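Commentary on secondary and tertiary structure
In case you want the letters, here they are:
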Amino acid sequence: MTLLSFVVPAYRVQGYLRECLDSILDQPYDDLEVIGVDDASPDHAGEILAEYAERDPRVRPVRLAENVGLGPARNAGLDRATGTYVWFVDGDDWLVPGCLPHVADRLQATRPDVLIVDHLRAHWNNLGTRSAMPEVFPEPPGEVTFRLRDRPETLRLLHTAWNRLVRREFLVERELRFAPGWYEDVSFSYAVLMAAERIGVLDRVCLNYRQRRTGAITRTRGDRHFEVFAQWHRVFQLMDRWGPETDPLRPMVFERMIWHYLTVLGNGARIAPELRPAFFDQIHEDHVRFRPPGGYPVPPGVEGLKHRLVAAGRWRTFSALRGAHQAEETAWRSARRARRRALPVARRTAGRVRDAALGEYYRVELHRPLDPTLAVYAAYWYRGYACNPAAIYAAARRLAPQVRGVWIVRRDRVDTLPPGVEYVVAGTRDYYRVLARARWLVNNVNFPDFVRKRPGAVHLQTHHGTPVKVMGLDQQRYPMGAMGMDFGDLLRRVDRWDYSVTSNSFSTQMWERAYPAGYTTLEVGYPRNDRLATADPAECRKVRAELGIGPDEFVVLYAPTHREHLPGWRPPFDPDRMRGVLGPSGRLLMRSHYFHDRDRRPRGRFAGGVLDVSDHDRVEDLYIAADVLVTDYSSAMFDYAVLDRPIVVYAPDWDAYRVARGVYLDVLAEPPGAVAVDFPALLDVFRSGALRGAEAERARQRFRERFCALDDGHAAERVVRRVFLDEPG
């Protein structure tokens, strides 16, 4: 029999589900199964579970016909579990690497009904907060098991399902299941502890409890938080049913109930002000209804005062106390902000006077009405007309001619704009005016921090690639790739987004995890790839002619990515040796990443069959011209795959890159074609014919099915119709 059954419910957790599953399946322990329960999730959670099941027989996906909620979804997984112990792990949390052997050893040594493990609260800013375990058990119990009446302080541990493993037969015998509704952990976790004959504690952090910035019920306002009362009522109903054996526990269970109610009430992200009086009244009613005859341990200090006000039903006094405390905190924060502002003011120099004047002009323009016809476009920090914004601009001119599009560009890039494109130069008065007045703001990166989100304005984030390397908040785990980043400022920029364009479900999942905010995802394909999806032989000949390439020449485009953690690094690539392998008709195009200083590179013609095309304005031209793409960890592979031509992954520093920079996708395990990890192997890919071999062809087709299915030539149109014309998706 399998020792461990993991039940992983999934509902709107697509951005985190892969990390959760990987954390279980990659453990150095394999006597386990994963029951992945798709609770009729409207995102790609079901597809992710099916994908993992296809490649790992330990994963068993379950698809529910309708959304039933976390508790019933866990029950569905429990009904299908076969393990001796069940661990209910939420789809947005993840296990600590290497924890399972320790868990398994403790289970096999002590055979508990319940084993409680320690956890860490993992916050979005990469900080972790320890649980109450060290305070509850200053001296770890070790391998000793106990009943709750012998160690009632166990009730002070967080009442969740995911910090405990439960013997499956024990749950069946005692008929313990999850109730429907929010706060379902309450009526399950306390019941499990009270019914257990053998409780064990493993003083080891085994799970990361993700503190989500958005999407969690703990950060969702509404009247469904009143469902906490029904869950606690179930706890006391069970105690009534089980009789005298639970009577000694009533005082501490009651104290935990009032503590929990006050925690929910005190969270402004859950209970709206207009609902607070009614919520308080219900706490008072439960205090009267369930208070043990002999009383209970009232906490000291301010917390005890809150309990006494609840007992007396004195809402006004309770509210006034809370308001005074909040006012004190607000005054402290205001004073701290004032001190921070004073320093830059004191350091202001005459050279900043112009910037200050333009900033004031921008603030004045913010008070003028939005221009209902104005759309502002930008790409790559004002480098010019490019990428997804350019494709959307062209589609908007055709489909929404009433929208006036204006581009923001650097002064030194004005001459790269196509004829007839209206523009403003970054840093000028016109620049500040259009940023303040535009109805739509479209960019493939973020606009500067000073830009304010106005009511009625729409910010469209198009991104500029399907991510291989980790991005956004995930970079916090890889400091070498996040040097100089302020993640608080990043999230303030992300909070301006109304829409986020993604090219495939994989990107959607990763962006939700890297950039948690309240935007709407437009999973429509990449607008910039419309041209690749519709490119025909005539366009290919035209582009080649412009580049000086003959129709019968064999063209290889080499486009490596940037290494933020290795400034100035260049991959081990010898253009002359590569050119020699390509033969007499071979041509090699070489393109650096846009982070490199392309503007200083001389525009040249072919020298020995090699051409540096780093300064070419439109990378799509190069894709169309090339017969083969050679890249490493660049998003270029996803775009080029739309053309259905050979791709070679040249990954000479894969192990170092994935450790230092972090990756979402293992390009060696799931490549778009042939793979080489050193330069001799790369040359051999071309010499041997592996470039177009059966294995490479199968890999490319799998890659295209996963990442390119939406790139059908109409992505820009879909964006324009949704964002500019307000048509339903």
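Residues numbered from 1 in each chain as written. Predicted model: local features only at pLDDT ≥ 70, side-chain atom pairs only at ≥ 80, totals over all residues. Heavy atoms only, no water.

Here's the deal with the sheet that holds strand β19 (residues 610-612)
Through backbone hydrogen bonds, the strands of a sheet pair up, either in parallel or in antiparallel fashion. In plain terms, the rule: DSSP-based pairing: two strands are paired if at least 2 bridges between them are found. By definition, any uninterrupted DSSP run of H or I lasting at least four residues is a helix, any uninterrupted run of E lasting at least two residues is a strand, and each is numbered from the N terminus. Only C-alpha atoms enter the line fits that serve as axes; for helices the fit covers just the stretch in contact. Angles between N-to-C directions range over 0 to 180 degrees.
Pairing within the open sheet is parallel, and its six strands lie in the order β19-β18-β17-β20-β21-β22. At either margin of the open sheet sits one strand with a lone partner, and together these are β19 and β22 (674-676). Strand-to-strand, the axes of this sheet are offset by a mean angle of 20°, without reference to chain direction. Both strand β21 (residues 647-650) and β22 contribute to a ladder of three bridges, which runs parallel. What sits directly across from Tyr650, in β22, is Ala676.

Re the pairing of strand β10 (residues 371-378)
As a reminder of what qualifies: Burial status follows relative accessibility: with a 1.4 Å probe on protein chains alone, a residue under 20% of its type maximum counts as buried, one over 50% as exposed, and anything between as partly exposed.
Across the eight residues that make up β10, a large majority, six, are buried. Relative to strand β13 (residues 438-443), β10 runs parallel, the two being bridged by five bridges. Paired with Val376 across the bridge in β13 is Leu441. Here four bridges tie β10 to strand β11 (residues 404-409), and the two strands are oriented parallel to one another. Its bridge partner being in β11, Ala375 is matched across the sheet by Gly405.

Remarks on the nonpolar core
Just so we agree on the cut-off: Here, the term nonpolar core denotes a set of buried Ala, Val, Leu, Ile, Met, Phe, Trp, Tyr and Cys residues that are joined through side-chain atoms within 4.5 Å. The contact rule is simple, with two residues in contact once any of their heavy atoms fall within 4.5 Å.
Core analysis: the biggest nonpolar cluster contains 66 residues, and Phe88, Phe170, Leu171, Met194, Trp232, Val253 and Ile283 have the highest contact counts within it. The leading source of residues in this core is helix α9 (residues 250-265), at nine residues. The residues contacting Trp232, other than those within four sequence positions of it, are Val186, Tyr190, Val253, Arg256, Met257, His260 and Tyr261. Ranked by size, the runner-up nonpolar core spans 54 residues in total, among them Trp511, Ala517, Ala559 and Leu629.

Details of the packing of α9 against helix α10 (residues 276-290)
As a reminder, the rule being used: By the definition adopted for this analysis, an angle is roughly parallel if under 35 degrees, roughly antiparallel if over 145, roughly perpendicular if from 65 to 115, and oblique otherwise. Ten residue types, Ala, Val, Leu, Ile, Met, Phe, Trp, Tyr, Cys and Pro, are classed as nonpolar, four, Asp, Glu, Lys and Arg, as charged, and the remainder, Gly among them, as polar.
Closest axis-to-axis distance for the α9/α10 pair is 11 Å, and the angle between their directions is 175°. With respect to α10, the element α9 is oriented roughly antiparallel. Across the interface between the two elements, Phe254, Met257, Ile258, Tyr261, Leu262, Val264 and Leu265 of α9 pack against Arg276, Phe279, Phe280, Ile283, Asp286, His287 and Phe290 of α10. The residue makeup of the contact of α9 with α10, split by class, is eleven nonpolar, one polar and two charged.

Re the packing of helix α1 (residues 14-25) against helix α17 (residues 505-514)
At their nearest, the axes of α1 and α17 sit 6 Å apart, and the two run at 90° to each other. Judged by the inter-axis angle, α1 sits roughly perpendicular to α17. Touching Gln14, Gly15, Tyr16, Arg18 and Glu19 of α1 are Phe506, Thr508, Gln509, Met510, Glu512 and Arg513, all from α17. Residue composition of the contact of α1 with α17, grouped by class: three nonpolar, four polar and four charged.

Here we look at the packing of aromatic side chains
Short version of the rule: Stacked, tilted and edge-to-face pairs are distinguished by plane angle, under 30 degrees for stacked and over 60 for edge-to-face with tilted covering the rest, among Phe, Tyr and Trp rings (Trp via its six-membered ring) whose centres lie within 6.5 Å. Ring-over charges, as used throughout, are those where CZ of Arg or NZ of Lys falls within 6 Å of the ring centre and within 35 degrees of the ring normal.
Using the criterion set out here, one finds 42 aromatic pairs in the structure. What links up through ring pairs into an aromatic cluster is the set Tyr362, Tyr382, Tyr431, Tyr432 and Phe450. Its guanidinium or amino end placed over the ring of Phe146, Arg151 lies 5.7 Å from that ring's centre, counting from NZ or CZ.

A look at the side chain of Ser131
Convention followed: We define a polar contact as two N or O atoms separated by no more than 3.5 Å, with the added condition that, inside protein, one atom must be a possible hydrogen donor and the other a possible acceptor, whereas residues neighbouring each other in sequence contribute only through side-chain atom pairs.
By the secondary structure assignment, Ser131 is in the loop between β7 (128-130) and α5 (133-136). Here Met133 takes part through its backbone nitrogen, which lies 3.1 Å from a polar atom of the side chain of Ser131. Leaving out residues up to four positions away in the same chain, Ser131 has contacts with Asp118 and His119.

Focus: helix α16 (residues 487-494)
Burial analysis of α16 places six of its eight residues in the buried class, which makes it a mostly covered element. Along α16, the residues classified as buried are Phe487, Gly488, Leu490, Leu491, Arg493 and Val494. The distance from a side-chain oxygen at the start of α16 to the backbone nitrogen of Gly488 is 3.0 Å, and the residue carrying that oxygen is Asp486.

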